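# Residue-level structural notes
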Amino acid sequence: MNSIRFSFDGRQESEDEYQARKKHRETDYGQNFNKRALVTGVTGQDGSYLAELLLKKGYKVIGLKRRTSTENYQRIEGFVDNPRFSLEEVEVADSGSVYSVVERHQPDEIYNLAAQSHVKTSFDQPCYTTQVNTIGVINFLEAIRRFKPNARFYQASTSEMFGKRVDVNESMTVTPEGTDFNSESFQSEETVFEPQSPYAAAKLASHHMVRIYREGYGLHASCGILFNHESERRGEKFVTRKITKWIAGFKSWAEAQGLDTEARHFEFDRDYIHSRRSSYPKLRLGNIEAFRDWGHAEDYVNAMWLMLQQNIPDDYVIATGETHSVYDFMIHAFDYIDISKEEIKDFFVIDSEFYRPAEVEFLKGDPTKAQTILGWETNVSFEQLVHRMLESDINAEKTKAKEKLLS
Ligand code: NAP
Ligand code: G4F
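Residues numbered from 1 in each chain as written. Chains lettered and ligands numbered in written order. Predicted model: local features only at pLDDT ≥ 70, side-chain atom pairs only at ≥ 80, totals over all residues. Heavy atoms only, no water.

Within the structure, ligand 2 sits among 24 residues, and T158, S159, Y199, R356 and E359 are positioned closest to it. Here V239 contributes a backbone N or O atom positioned 2.8 Å from an oxygen atom of ligand 2. Here ligand 2 loses 95% of its free accessible area of 710 Å² to cover by the protein chains. Elements that contribute at least two residues to the shell around ligand 2 include exactly helix 8 (239-256) and strand 15 (283-285). (Near = heavy atom within 4 Å. Polar contact = N/O pair within 3.5 Å; in protein donor to acceptor, adjacent residues only side chain to side chain. Areas by Shrake-Rupley, 256 points an atom, 1.4 Å probe, with all protein chains shown as cover. Helix = DSSP H or I, 4+ residues; strand = E, 2+ residues; numbered from the N terminus.)

With the rule as written, the count across this model stands at 23 aromatic pairs. Between F79 and F85, the aromatic rings sit 5.0 Å apart at their centres with planes inclined by 85 degrees, giving edge-to-face as the arrangement. The same class applies to F79 and to F85, which are both buried. An aromatic cluster of at least three residues, connected via ring pairs, comprises W246, F250, W253, F266, F268, Y280, F334 and F347. The ring centre of W305 lies 3.8 Å from the NZ or CZ of K57, which sits over that ring. Sitting above the plane of the F238 ring, R234 keeps its charged end 3.8 Å from the centroid. (Phe/Tyr/Trp six-rings, centres within 6.5 Å; stacked < 30°, edge-to-face > 60°. Buried < 20%, exposed > 50% of the residue type's maximum accessible area, 1.4 Å probe, protein only. Lys NZ or Arg CZ within 6 Å of the ring centre and 35° of its normal.)

As a structural note, the neighbourhood of ligand 1 is formed by 26 residues, with T43, R66, S117, Y199 and K203 the closest of them. At 2.7 Å, a side-chain N or O of T43 approaches an oxygen atom of ligand 1. Taking H229, its main chain carries an N or O atom lying 2.9 Å from an oxygen atom of ligand 1. Burial of ligand 1 by the surrounding chains reaches 91%, relative to a free accessible area of 900 Å². Contributions of two or more residues to the shell around ligand 1 are made by helix 3 (45-56), helix 6 (126-147), strand 7 (152-158) and helix 7 (198-217).

What follows deals with the pattern of salt bridges. The final tally for this structure, using the stated rule, is 21 salt bridges. Measuring nitrogen to oxygen at the nearest pair gives 2.9 Å for the salt bridge that ties E52 to R233. Taken together, the residues E52 in helix 3 and R233 in the loop between strand 11 (229-230) and helix 8 connect sequence positions 181 residues apart. On the basis of relative accessibility, which here comes to 22%, the residue E52 falls in the partly exposed class. A salt bridge links E230 to R234; the shortest N-O distance between them is 2.7 Å. We note that E230, like R234, is buried. (Salt bridge = Lys/Arg side-chain N within 4 Å of Asp/Glu carboxyl O.)

Here strand 6 (residues 109-112) shows no split at all, with E109 and Y111 on one side and I110 and N112 on the other all buried. Alignment of strand 6 against strand 7, held across four bridges, turns out to be parallel. From the neighbouring strand, N112 faces strand 7, where its bridge partner is Q155. (Pairing = 2+ DSSP bridges.)

Quantified by volume, the second largest pocket comes out at close to 320 Å³. With seven residues, the top contributor of residues to the lining of the second largest pocket is helix 8. Tallied by class, the residues present in the lining of the second largest pocket amount to six nonpolar, two polar and six charged. (1 Å grid on protein atoms, 1.4 Å probe; cavity = no way out; pocket = protein on both sides within 12 Å on 5 of 7 lines; lining within 4 Å. Points joined across faces, edges and corners; volume = space filled by probe spheres on them. Nonpolar A, V, L, I, M, F, W, Y, C, P; charged D, E, K, R; others polar.)

Another aspect to go through is helix 12 (residues 382-406). Between its terminal C-alpha atoms helix 12 stretches 37 Å, which fits the 36 Å expected from 25 residues at 1.5 Å a residue. Among the residues making up helix 12, those that are buried are F382, L385, V386, M389, L390, D393, I394 and E397. Where helix 12 is buried, its residues meet strand 11, helix 8, strand 17 (295-296), strand 19 (324-325) and helix 10 (326-335). (Expected span 1.5 Å × (residues − 1). Contact = heavy atoms within 4.5 Å.)

Turning our eyes to something else, we now look at the side chain of S157. Residue placement: S157 occurs in strand 7. At a separation of 2.8 Å, a polar atom in the side chain of S157 contacts the side chain of H207. Discounting residues that sit within four places of it in the chain, S157 has contacts with H207, C223, G224, I225 and L226.

Before going further, it helps to spend a moment on the sheet that holds strand 14 (residues 279-281). If you trace the three strands from one edge of the open sheet to the other, you get 12-13-14, paired in antiparallel fashion. Each edge of the sheet is formed by a strand with only one pairing partner; in this case those strands are strand 12 (267-268) and strand 14. Here strand 13 (residues 272-274) runs beside strand 14; their pairing, made up of three bridges, is antiparallel. Residue pairing in the sheet places Y272 in a bridge with P281 of strand 14. Its contacts with the sheet place helix 8 against strand 13 and strand 14, and it is angled at close to 180 degrees to strand 14. (Axes fitted to C-alpha atoms, helices over the stretch in contact; angles between N-to-C directions.)

The next subject is the sheet that holds strand 4 (residues 60-65). The seven strands are arranged 5-4-3-6-7-10-18 in an open sheet whose pairing can be described as parallel. Edge positions in the sheet fall to strand 5 (85-89) and strand 18 (315-318), since each has one partner strand and no second. Neighbouring strand axes in the sheet, compared pairwise and without regard to direction, differ in orientation by 20 degrees on average. Across four bridges, strand 10 (residues 220-226) lies against strand 18 in parallel orientation. Among the inter-strand pairings, L226 is bridged to a residue of strand 18, identified as I318.

Dropping the structure here:
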């Protein structure tokens, strides 16, 4: 027989309920109950997943977003009404705005995810990219130093900082120009940085600033050197989402013609796919020979949290350790709608508009340090990532088609 106990709000509760509540209190949720986290870039891909994770763990989360003329809450609609979540407008490149939010909220943890995050855009907007991606970071480091020196800080560094560099064994760093990348090539915390874009140069400056504030002022500041991570919430201008969204749109168009997606149903010219009734623009891409180490964003935000739970701040590579070319991503994605490797060539064109003045050809991270020290691991494979993104975009197209029918 369970004895009767009273919960903190005066309700009667059984021993089982009491034990369950006690266990809950002793888990992450309970331990973090009084913790306050600031998350910049909360309306972005990573910011939205991270805020969700922190709320689940019991944090009070202050999400920071920049001012926009229209609300862009698609990624945060699942938790925007959570009583432990609040939203504030902060421009990270404006020191006054950053100082004020840190001074007022006295956060325990700050996750700085805000950035002009598109590499190609950074060639067109190098000054703006540096304002946000470098000055924005210094603003937070200064704010912490002045107003909350014991706050823990996470900076979103990137594998783009490696640029051309790969290691091929423990003792040698090489520039891979003219050499073939092979399965032995990788980047780790020890690899030399050689950024290839204004985006990467701005991020590398911040990466060094974090280290300087950590060593110089003793701040608990860590950088995650994250390799590419994607998801159903990925921005539509990044290559993976561009491909999955195009495939979903094409599938929906083909179905509306009463056809399945097999190539024999269509005629092709350079830019269009024709059915008997209408045309669909081909997928336009740049360098499909680049290799990336792609993981799922949900796994990667967990690494950010783990870094700030360590007694000693440090920098960590976060990656799957597996690399695929953009073309390989396409093969897997098109296969999902039964378009074979041999047929893909009819469905896309190479467009110089999507090439960059300088490219990062090969990324493959070695996550050993994060696995060993943080106990971090990935749960979503490359194939699952491709399928999850496609399923989500295909479902969105179905909903759109239904709404069109009803309107
Ligand atoms: P994302 O989806 O582009 O999100 C970036 C966020 O920053 C958005 O919420 C954006 O606001 C906000 N932002 C941009 N400029 C701002 C400004 N001036 N002031 C305040 N907020 C601003 O990028 P993500 O993929 O989530 O990446 C998160 C962070 O990790 C970024 O710093 C990125 O550079 C870095 N990173 C990403 C990857 C990756 O593969 N995803 C890998 C390594 C590092 P809006 O919503 O209004 O646009
Ligand atoms: O999807 P992407 O634009 O991502 P990129 O440049 O690797 O940058 C992403 O990952 C970085 C981490 O390594 C982050 F720091 C950064 O914020 C961002 O999240 O391009 C991937 C590859 C590139 O080699 C690009 O040249 O795909 C190639 N690509 C080919 N056609 C294309 C396209 N990229 C885009 N965006 N659009 C194309 O049409």
